[in-house]
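Working through the structure, step by step
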Amino acid sequence: MLKTEETSKYIAKLPRGIIGATIFVSIAPLIMQLTFFNFGNPSIHHIEDSLLDNVSVRSLIFEEYIGFFVHLILEWSGVTIALSTAALSFIQYKMTGNTTAPIIGIVLFFAGCMDAFHTLAAANIIESIAFNDNFIPFTWTLSRIFNSTILLLGIALVINYNDVILKYRKNHIMWVICFIVFIITYGIVHYCAVATALPNTYYPNFWISRPYDIIPLVLYVILFTILIPTLKRKDPGVFVEALLWSMLPAIATQIHMAVGSDRLFDEHFNIAHFLKSISYVIPFIGIIMDYMYMYQLDHIRIEEMEKAQKVLQGKNKELEQFAFITSHDLQEPLRTISSFSDLLQEQDLSQLDKESKKFIYYIGQASKRMSMLIHGLLEYSRLGKNRELKRVNINEILGHVQDDMQVVIEETNTIIEYVDLPVVYGYPLELRLLFQNLISNAIKFRKPTEAPFIKISSAHIDGEWMFGIQDNGIGIDEKFRQKIFIIFQRLTSKSDGEGTGIGLAHCQKIIDLHHGQIWVESEVGVGSTFYFTINTEEE
């Protein structure tokens with residue numbers, strides 16, 4: 001999340017209206033049931049035989065099977081929403097890299113798979129060997145225990161091992177989690193399908209009619225009071241907050257089933273299935289709102305970046321004007337100093353002592369060096385101005401560079417070796433200056449006893465071109481390898497050769513324009529290799 005004043009109002013929170021609606025929906029069916037509303041479906045098993053003469057058999061059969069239809073609709077609604085939430089969580093994972101959403105998504109996906117099996121088998125769409133009166137309540141209880149357990153384990157995994165998942169091959173870990181939960185899910189479904197007899201899980205004549213439903217009830221309470229609040233402190237997103245509040249209808253579901261329902265499709269049975277669907281709806285709303293907040297934040301980021309870019313463009317213009325005016329204004333007095341110094345040296349200096357002659361010489365040299373620094377600064381400020389991205393053949397660039405440097409190459413007997421360098425998308429003038437500076441440095445800092453040998457190579461790695469310029473020069477001490485790319489930094493004394501300390505700073509700026517990196521590997525007395533990457537593609 002952005003922490004600026006502009007985005008502070010968009011800190012992700014579940015709206016109070018949704019929280020209030022969740023609480024209301026969780027308790028409203030019980031209140032309505034206690035007053036006047038009947039949510040149950042009649043059963044012909046509860047109608048006395050003496051009444052059959054006065055009631056249509058067709059009507060009774062319809063009323064019996066309408067319970068199955070209601071059950072199918074409620075269950076399948078929850079399944080569909082759970083699977084949709086899981087799909088969106090993986091999309092969010094691809095966008096943000098946050099592992100919380102996909103792990104919860106995996107849990108919801110396989111919970112939905114278990115509910116789908118329970119739903120299809122209850123409607124006799126999937127047949128089992130032990131299809132009897134115990135099948136629907138048993139598979140319900142089993143799916144609820146499974147759902148609450150894997151949700152608890154998934155959240156515990158995120159809380160305790162999220163950093164490990166992020167650090168070590170997180171995509172592979174996601175697939176491992178999927179595979180493990182799939183095996184468990186398949187094992188449970190296979191057992192229910194092939195078992196010749198299933199245990200009885202509900203006792204209509206007891207105060208707790210479905211005692212096994214107490215297990216998921218306890219787990220959902222633990223999730224609501226301990227685990228999900230802990231997760232929310234680590235990942236305060238809308239999705240996690242929605243998951244927290246979805247525990248209320250899940251808890252209410254288990255209460256209705258555990259202590260209320262004493263037969264299939266009675267009031268508590270239907271209310272529980274309705275509330276279970278609501279418990280899937282809330283995380284779905286949460287992840288949708290997460291997408292909304294992400295869109296809002298991205299929109300704000302774009303606006304802030306556009307504002308910053310305009311400010312930066314204005315500052316760059318000011319700096320360019322300042323550099324131009326400064327260099328122009330400073331050049332005039334420097335020219336005057338340099339001219340008078342040259343005139344003095346042309347005069348008869350016999351009357352001056354040795355020290356005075358040296359001072360005049362130093363004045364001339366200092367003024368010339370100052371002029372070079374100002375010129376280099378001006379060129380540095382102009383780098384990248386009015387640039388146009390084009391296809392650049394590096395072989396041609398090097399050909400032009402060698403033509404320009406032909407005199408110094410012949411004087412120093414320099415050998416430059418390269419073969420089949422690539423065509424890249426870049427800025428021609430800047431790339432030419434880049435290679436010229438690096439080759440010029442390789443020649444300038446050569447060994448006195450050895451002719452310069454420069455080898456230029458390239459390789460395509462991870463979607464970008466990497467170049468290497470290797471020389472057999474004097475090398476660079478390790479402690480200076482980062483310093484050399486800073487403007488006006490020189491590692492040799494002024495007497496070691498000409499130079500302003502701007503050349504490698506130019507190289508750094510040119511590489512920045514091409515969204516790449518530049519570095520050097522060197523050994524003193526052996527030579528240096530300058531590496532850089534070009535990461536600009538055709539627009």
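Here goes a summary of the coordinates provided. (Residues numbered from 1 in each chain as written. Predicted model: local features only at pLDDT ≥ 70, side-chain atom pairs only at ≥ 80, totals over all residues. Heavy atoms only, no water.)

**Quick look at the environment of Asp404**
Structurally, Asp404 can be placed in helix H11 (residues 394–404). Asp404 sits 32 residues away from Gln436 along the chain, and the two C-alpha atoms are 9.0 Å apart. Leaving out residues up to four positions away in the same chain, Asp404 has contacts with Arg432 and Gln436. (Helix = DSSP H or I, 4+ residues; strand = E, 2+ residues; numbered from the N terminus. Contact = heavy atoms within 4.5 Å.)

**Looking at the packing of aromatic side chains**
The description of an aromatic ring pair rests on the distance of the ring centres and on the angle between the ring planes. One pass over the full model with this rule turns up eight aromatic pairs. Note on Phe467 and Phe532: the rings are 5.3 Å apart at their centroids and 20 degrees apart in plane angle, and the pair reads as stacked. With a gap of 65 residues between them, Phe467 in strand E5 (residues 464–470) and Phe532 in strand E7 (residues 527–534) connect regions that are remote in the sequence. Per residue, the accessibility class of Phe467 equals that of Phe532, and both read buried. Linked through ring pairs, Phe435, Phe467 and Phe532 together constitute an aromatic cluster. (Phe/Tyr/Trp six-rings, centres within 6.5 Å; stacked < 30°, edge-to-face > 60°. Buried < 20%, exposed > 50% of the residue type's maximum accessible area, 1.4 Å probe, protein only.)

**Remarks on the environment of Cys507**
Along the chain, Cys507 falls in helix H14 (residues 503–513). C-alpha separation for the pair Cys507 and Gln436, spaced 71 residues apart in sequence, amounts to 9.7 Å. Leaving out residues up to four positions away in the same chain, Cys507 has contacts with Leu434, Asn437, Leu438 and Ile518.

**Concerning the packing of helix H6 (residues 214–234) against helix H7 (residues 238–245)**
Viewed as axis vectors pointing N to C, H6 and H7 meet at an angle of 175 degrees, and their least axial separation amounts to 9 Å. When the interaxial angle is binned, H6 and H7 end up roughly antiparallel. Where H6 approaches H7, its residues Phe224, Ile228, Pro229, Leu231 and Lys232 are matched on the opposing element by Val240, Glu241, Leu243, Leu244 and Trp245. In the contact of H6 with H7, the residues fall into eight nonpolar, no polar and two charged. (Axes fitted to C-alpha atoms, helices over the stretch in contact; angles between N-to-C directions. Parallel < 35°, antiparallel > 145°, perpendicular 65-115°, else oblique. Nonpolar A, V, L, I, M, F, W, Y, C, P; charged D, E, K, R; others polar.)

**Digging into H7**
Across the eight residues that make up H7, a large majority, eight, are buried. Taken as a whole, H7 has its buried residues at Val238, Phe239, Val240, Glu241, Ala242, Leu243, Leu244 and Trp245.

**Some thoughts on the pattern of salt bridges**
Under the defined criterion, the tally for this structure stands at four salt bridges. Note that Arg432 and Asp404 form a salt bridge whose closest N and O atoms lie 2.3 Å from each other. Taken together, the positions of Arg432 in helix H13 (residues 428–444) and Asp404 in helix H11 put the pair 28 residues apart, joining distant regions of the chain. Overall, Arg432 belongs to the partly exposed group, its relative accessible area being 26%. Of the charged contacts in the structure, one is a salt bridge between Glu450 and Lys447, with a shortest N-O distance of 3.7 Å. Judged by its relative accessible area of 17%, Lys447 falls in the buried class. (Salt bridge = Lys/Arg side-chain N within 4 Å of Asp/Glu carboxyl O.)

**Digging into empty space enclosed by the protein**
Empty space among the atoms becomes apparent when a probe as large as a water molecule is rolled across them. Following the criterion strictly, the structure yields one cavity of 30 Å³ or more and no others. Counted as a void, the largest cavity has a volume near 140 Å³. Where the lining of the largest cavity is concerned, the elements lending two or more residues are helix H3 (100–122), helix H4 (135–167), helix H8 (247–259) and helix H9 (267–346). For the lining of the largest cavity, a count of residues per class yields ten nonpolar, three polar and one charged. (1 Å grid on protein atoms, 1.4 Å probe; cavity = no way out; pocket = protein on both sides within 12 Å on 5 of 7 lines; lining within 4 Å. Points joined across faces, edges and corners; volume = space filled by probe spheres on them.)

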